[in-house]
Amino acid sequence: MNDNILVIGGGVAGVTAALEAAEMGRKVILVEREPYLGGRVIRMAKYFPKLCPPGCGMEINFRRLRANPRVTVMVDSEAVSITGAKGEFSATIKTKPRYVNEKCTACGDCEKVCPVERSDSFNYGMKKTKAVYLPDALAMPFRHAIDMDVCKGPECGECVKVCKYEAIDLAMEEKTTSVDISAVVHATGWKPYDASKIENLGYGQIKNVISNVEMERLASVSGPTAGKILRRDNGEPPKTVAMVQCAGSRDENHLPYCSSICCLVSIKHANYVREQYPDSEVYVFYIDLRAPGKYESFYRKAIDDPKIHFIKGKVARIEEDERGRAVVTAEDIIGGGKKRVACDLVVLATGMEPESKSTVPLLAKINSDGFIMEEMQGDAGLISCGVASGPFDVTTSTQNSTAAALKAVQAGVRR
Amino acid sequence: MADIKKSGAYICSGCGIGDSVNVEALATVATKEGKAALTRTHPMLCGAEGVALVKEDVASGAVTAVSIAACSPRVCYDIFNFGENIVLDRIDIREKVAWSQEPRHMETQALAEDYIRMGMVKIKAMEIPIPFIPEEPSKTIMVLGGGIAGMTAAINAAKAGYKVELVEKEAALGGFANTLGMRLPDRAPYDAPMENDIASLIEEVIGDSYINVHLGATINKISGGPGIFDVSLVNGANKSFRAGAIVLATGFKSYDVKKLTRLGSDLPGVVGSVEFERMLKEGKAPPRRIVFILCAGSRDDEHLPYCSSVCCASSLKQAWLARQANPEASVTVIYRDIRTTGNMELFYKQVQQDPGIFMTKGESPVVAQEGGELSVTADNTLLGGKVKFMADMVVLATGMVPSTLDPSVKVDKPEDQMQDFDRDQVGKASILKLDYRQGPEVPDLKLGFPDSHFICFPYETRRTGIYAAGTVRHPMDASVAKNDAVGAAMKAIQCVEMVPRGETVHPRAGDLSHPEFAMERCTQCKRCTVECPFGAINEDEKTNPIPVKSRCRRCATCMGACPVQIINFKNYSISMVGAMIKAIDMPEEDEERPRVLAFICENDAMPALEMAGINRLRINPVVRFIPLRCMGSLNLQWIADALSSGWDGIMLLGCKHGDDYQCHNIKGSELATTRASKVQETLDRLMLESERILVDAVQISDWQKLPKMIDDFVEQVSGMEPNPYKGF
């Protein structure tokens, strides 16, 4: 029996679970599918309620990772099989070729000569990068990667010619590693619910209707507009912005559960808009305004702003007018009747869908919503944390990831 | 007796460094002025060949201290690792020079050369820390509170192989859960209340040989610190033991329903949710017409301003159970928002199916007695306007107040003599009774909860080794409290493992350095004991500081506070930074090449600066950056050193302070700001302009703003006369 731990998923939950177990003394293998750690949160501009940058906490975690040789970080990797039982698992991990090796210094010479562009997935497709790219300035590991789906390969090879460090290997192959572990922690996170499935809200048809994760990129300094929130059609500053709560949530036809964070995210977005444009007006169309616990004061501050209007009522439809504005029609339950507002930008507060719904994690059982079932919390050496377990905010995710670390530690203890 | 240090300087010309500066000239500076025993340059120091060069020199004993002048210390940390017995430092001439300066410019060369000078005096001053390990550290976890959270923490620590001392003030375990009938669902399909399984949890605790339960016990005193918490109890037998870490799980009290007279709490038939739960548990058939008023005394500035997050779901549970117990009952729920987040939404959906439960949004409810009945009137309901409901019983869903609050507790000091940490103790229930100079209880965040201020780090309390869990930390339901307790147990276990290794815990996890006090020069001014953010320093009767090192998080705020500079770390000292400040080549007054010194917090400002470099933004070349562990470690000696060495301007760039402070050492940047303002008076006396010092906040995402922030200050400084102390 060994007491090593495998953590699958390198977002804030996986990184937290890995660090907490490693600082206590365990060896941890942290496996992440993307070429960088940080998952969804490092693509956000700020956290609620403090409006602080996600990079701040993540930088501390990266520091802890640097200081701890017990954590082996494997990016571009996925666990493809796990056999055995608690205390004695064997896992096979496949590492996809990144085509850039550890000699890369992220100097950026390759990018300058690469002839091919790709859609930047880090920016939810709102920006382009070259085929060889650095995922983000805060990327860890801090090195480039090549998207072989668009790269022209050795017949081009311009990047190889300019790289002073022999860091590009266009013939790189997939690697397979086997590890022995005592416990598996699934921290596979979430993806944003596909808003184009919500037919009456115009996402994908009306340019100025965007999702909440896209709004985060607009507000991010490393995003497509260097942090300036602008209309998506003509790049003009918005004067009127609407947030549509529960877009595809609390709805039998889409996601039946509440994602718990979207009300707070929309209040946060209202703050972004109001801070950038002091004359702007923001409308928040909600069913229940969910600012539980100590988040109430974050909500209160928004209520006190006379230019933020909270309207209880479901949005019936969104249509485009001749000026490209998104016109929102909603019930106004308290005021009575309907409300019609022509907006420069509409943000759909879409929910979180667990990754485990489309890709069931190895040995995990999921419930009908795709979350890893609550019963799976340690007895079999299989644990989940973060949004893989349920629709949680960051502070709850880091909390339950710390708990998951202990469950994983227990799997390696014979008592 | 220490060997004479042999410094090795290794200068990389890769990543554009060689195109930006003359690396051979840097090597000359390292050898001549830097007094390096060995200097080498290499085109790719991080490659196998480059690393081997350094390793050979170390192995042969040619060098005993290594300075790598190349990229930022945030990269290649695993590559540039030469073992624990070598002093190692990184000089960043990539992000801070090659990537952010004009190539081949004279000032760029001057900048790089100054960094070499600073780096060489730095490794000369740095010593390898000797870990501090307390005597006889314990790995036992003490859990204070035997409710759901406390018991879960105890069981999980025990499962991981750790002994637990579980201290409960009542005569029996169970806490608030003993008053519950059925509980909220915590697993799919989330459609009905579940059995209260508190009895099985209690049985598990009692049956676990690793858990020692003390019933009817409270704390008499806790002295010491992480690894060495010496706990004595008050419980007849007056037991005492040593614990390595503490989980604080003392739970909550329900808000006092008697205070809600506006909601008719003094009228017969009006009960709080706790009493209604008791009625349901005892099997009393509820009356026919029941009205629930949610947010009773919550989200209300006159009572509890916050939301207790659980009461919506809990009230729906009670409504459901009331209807089960009396199918004739008709229940009305008046709410402001139904806050059943996450999977609890599914339970809400289920309750909505019951035709006997009517829910309506309503503001400002008023409860009155009309004849033999109760009436509840509310505004803004879904039916429009005002609406009145008649009731046989009104249930007020009250919020949760942490057990750490006790408004009757005062601090016995006149207001004008109170420090911040004294104010922190006002209204604090006497629970832990810590023998800490700064007060016996854990300072809280806001509203009485000893919670963490950090979204990313939920267990980071203001007292090292003490972790809050469950409803004492913030309002939560039972299943969240259980999970929270497992997390707190993890942190406690981590602490007891790290302390005997001499390591501090998060955020400087693994740091082996610790503050050393040259007591012969101490003037007993108490600044260090007052300013330590974690209460790590006790005091004797003569007010000499007594550091309790396992409490220390190595932020060096004490080092910054000391007016006679007696506190230093082996690898981070006042003289080390002082030497760096004096090491640069200061241009003459008439050369019109000003020099600005910028202290930057290594957690936020430094990564921001590096990201500016990664994005190839230009930074003003007259500025030299010195990273600090925390702006709180800034000692005014350094400002004096800088001014007397001829620096024209000084910037202090730390993290945001105020209500939404970012500093993990609580007040680092705030303290630096206060200290700097004191220096303004000295500056005025020396006839130096006070505008020569700028204090500003930089977040990690502010990298785009940095160039202009710096340029603006340099312009301001350039508008003044050169510092007349140059060349002295």
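Residues numbered from 1 in each chain as written. Chains lettered and ligands numbered in written order. Predicted model: local features only at pLDDT ≥ 70, side-chain atom pairs only at ≥ 80, totals over all residues. Heavy atoms only, no water.

With that settled, consider the overall build of chain B. Each helix and strand in chain B was counted, giving 19 helices and 30 strands. Taking the principal axes of the C-alpha coordinates as reference, chain B spans close to 95 × 60 × 55 Å. Buried residues in chain B amount to 61% of all 728 residues. Of all intrachain contacts in chain B linking residues separated by at least 6 positions in sequence, the fraction that spans at least 24 positions is 69%. (Helix = DSSP H or I, 4+ residues; strand = E, 2+ residues; numbered from the N terminus. Buried < 20%, exposed > 50% of the residue type's maximum accessible area, 1.4 Å probe, protein only. Contact = heavy atoms within 4.5 Å.)

Moving on: the overall build of chain A. Of regular secondary structure, chain A possesses 9 helices and 22 strands. For 415 residues, the compact-globule estimate of 2.2 N^0.38 gives 22 Å, and chain A sits close to it at 23 Å. Expressed as lengths along the three principal axes of its C-alpha atoms, the size of chain A is roughly 65 × 60 × 35 Å. The 415 residues of chain A split such that 66% are buried. (Rg over C-alpha atoms; globule rule 2.2 N^0.38 Å.)

Each partner contributes to the interface: chain A provides 77 residues, whereas chain B provides 96 residues. Each partner contributes to the roughly 7,100 Å² buried at the junction of chain A and chain B, and carbon and sulfur atoms together form 56% of this total. It is A:Lys50, A:Lys294 and A:Arg415 in chain A that bury the most area against chain B; as a group they hold 11% of the surface buried on that side. At the surface where chain A touches chain B, the tally comes to 9 salt bridges. A salt bridge links A:Lys294 to B:Asp451; its shortest N-O distance comes to 2.9 Å. Where chain A touches chain B, the interface holds 33 residue pairs in polar contact (both at pLDDT 80 or more). Among the secondary structure elements, those contributing two or more residues to the side of chain A that touches chain B are α1 (12-24), α2 (54-67), α7 (296-304) and α9 (394-411) of chain A. (Buried area = accessible area lost by both parts, 1.4 Å probe. Salt bridge = Lys/Arg side-chain N within 4 Å of Asp/Glu carboxyl O. Polar contact = N/O pair within 3.5 Å; in protein donor to acceptor, adjacent residues only side chain to side chain.)

Residues and elements named next belong to chain B. Contact geometry of helix α15 (residues 574-582) with helix α17 (residues 636-644) gives a least axis separation of 9 Å together with a crossing angle of 20°. Between α15 and α17, the angle falls in the class roughly parallel. Here the hand of the crossing between α15 and α17 comes out right-handed. Of the residues in α17, those touching α15 at Ile574, Val577, Gly578, Ile581 and Lys582 are Gln637, Trp638, Asp641 and Ala642. Residues of the contact of α15 with α17, tallied by class, amount to 5 nonpolar, 2 polar and 2 charged. (Axes fitted to C-alpha atoms, helices over the stretch in contact; angles between N-to-C directions. Parallel < 35°, antiparallel > 145°, perpendicular 65-115°, else oblique. Left-handed = near helix turned anticlockwise from the far one by under 90°. Nonpolar A, V, L, I, M, F, W, Y, C, P; charged D, E, K, R; others polar.)

Here we come to unusual backbone geometry. Omega for the bond connecting A:Phe48 with A:Pro49 falls within 30 degrees of zero, at -10°, which places this linkage in the cis form. With respect to the secondary-structure elements, A:Pro49 resides in the loop between β2 (28-31) and α2. A cis geometry characterises the amide bond from A:Met140 onward to A:Pro141, with omega recorded as 0°. Along the chain, A:Pro141 turns up in the loop between β8 (132-133) and β9 (145-146). Phi is positive for A:Leu51, close to 55°, though the residue is something other than glycine. Here A:Leu51 lies in the loop between β2 and α2. Positive phi, close to 45°, is recorded for B:Ser364, a residue that is not glycine. With respect to the helices and strands, the residue B:Ser364 is situated in strand β17 (residues 363-370). Using a relative accessible area of 47% as the deciding quantity, one classes B:Ser364 as partly exposed.

This paragraph deals with the sheet that holds strand β9 (residues 229-234) of chain B. Residue and element names in this part refer to chain B. Here we have 3 strands laid out as an open sheet, ordered β8-β9-β10, and antiparallel in their pairing. Edge positions in the sheet fall to β8 (218-223) and β10 (240-243), since each has one partner strand and no second. Strand-to-strand twist across the sheet, computed as the mean angle between neighbouring axes with direction ignored, equals 25°. Here 4 bridges tie β9 to β10, and the two strands are oriented antiparallel to one another. If you follow Val231 over to β10, its bridge partner there is Phe241. (Pairing = 2+ DSSP bridges.)

This paragraph deals with the sheet that holds strand β1 (residues 5-8) of chain A. Residue and element names in this part refer to chain A. One open sheet accounts for 5 strands, arranged β3-β2-β1-β11-β22; its pairing is parallel. Of all strands in the sheet, those with a lone pairing partner are β3 (71-74) and β22 (382-384), marking the two edges. Neighbour to neighbour, the strand axes of the sheet diverge by 20° on average, direction disregarded. Pairing of β2 with β3, which is carried by 4 bridges, proceeds in the parallel orientation.

Residues and elements named next belong to chain B. Here chain B is partitioned into domain 1 (1-128), domain 2 (141-251 + 404-501), domain 3 (254-399), domain 4 (516-567) and domain 5 (572-728). On a C-alpha basis, the centres of domain 2 and domain 5 stand 42 Å from each other. Each partner contributes residues to the interface: domain 2 has 7 residues there, and domain 5 has 8 residues. Interface area, domain 2 with domain 5, both sides summed: about 630 Å², of which 54% is carbon and sulfur. Looking only at domain 2, the three residues that lose the most surface to domain 5 are His453, Phe454 and Arg462, adding up to 66% of its buried area. (Domains from an automatic or database assignment.)

This part is about the side chain of B:Asn326. All names here are of chain B. Residue position: Asn326 is located in the loop between α9 (311-325) and β15 (330-335). Here Asn326 falls in the buried class, since its relative accessible area comes to 14%. Those residues in contact with Asn326, other than ones at most four positions away along the chain, are Pro286, Pro287 and Arg288.

Next up on the list: the pattern of salt bridges. All names here are of chain B. The final tally for this structure, using the stated rule, is 85 salt bridges over all chains. We note a salt bridge from Glu95 to Arg94, for which the minimum N-O separation is 2.9 Å. Residue Glu95 is classed as buried on the basis of its relative accessible area, which comes to 2%. Exposure remark for Arg94: the relative accessible area of 3% places this residue in the buried category. Here Lys708 ties to Asp712 by a salt bridge, and the two come within 2.8 Å at their closest N and O atoms.

An α-helical turn contains 3.6 residues, so a residue and the one three or four places further along point in the same direction. Residue and element names in this part refer to chain A. Compared with an ideal rise of 1.5 Å per residue, which puts 15 residues at 21 Å, helix α6 (residues 262-276) spans 21 Å between its outermost C-alpha atoms and is within 8% of the ideal. Burial analysis of α6 places 12 of its 15 residues in the buried class, which makes it a mostly covered element. Among the residues making up α6, those that are buried are Cys262, Cys263, Leu264, Val265, Ser266, Ile267, Lys268, His269, Ala270, Tyr272, Val273 and Arg274. Contacts from the buried residues of α6 go to α5 (212-219), β14 (240-247), β15 (281-286), α7, β16 (308-312) and β20 (345-350). (Expected span 1.5 Å × (residues − 1).)

Looking now at the pairing of strand β11 (residues 245-248) of chain B. Residues and elements named next belong to chain B. Every second residue of β11 is oriented toward a common face, with Ala245 and Val247 on one face and Ile246 and Leu248 on the other, all of them buried. Taken together, the 4 bridges between strand β5 (residues 141-144) and β11 define a ladder with parallel strand orientation. Bridge pairing in β11 links Leu144 to Leu248. Bridge analysis of β11 against strand β22 (residues 466-468) gives 3 bridges, and the strand direction is parallel. Bridge assignment links Leu248 to a residue of β22, and that residue is Ala468.

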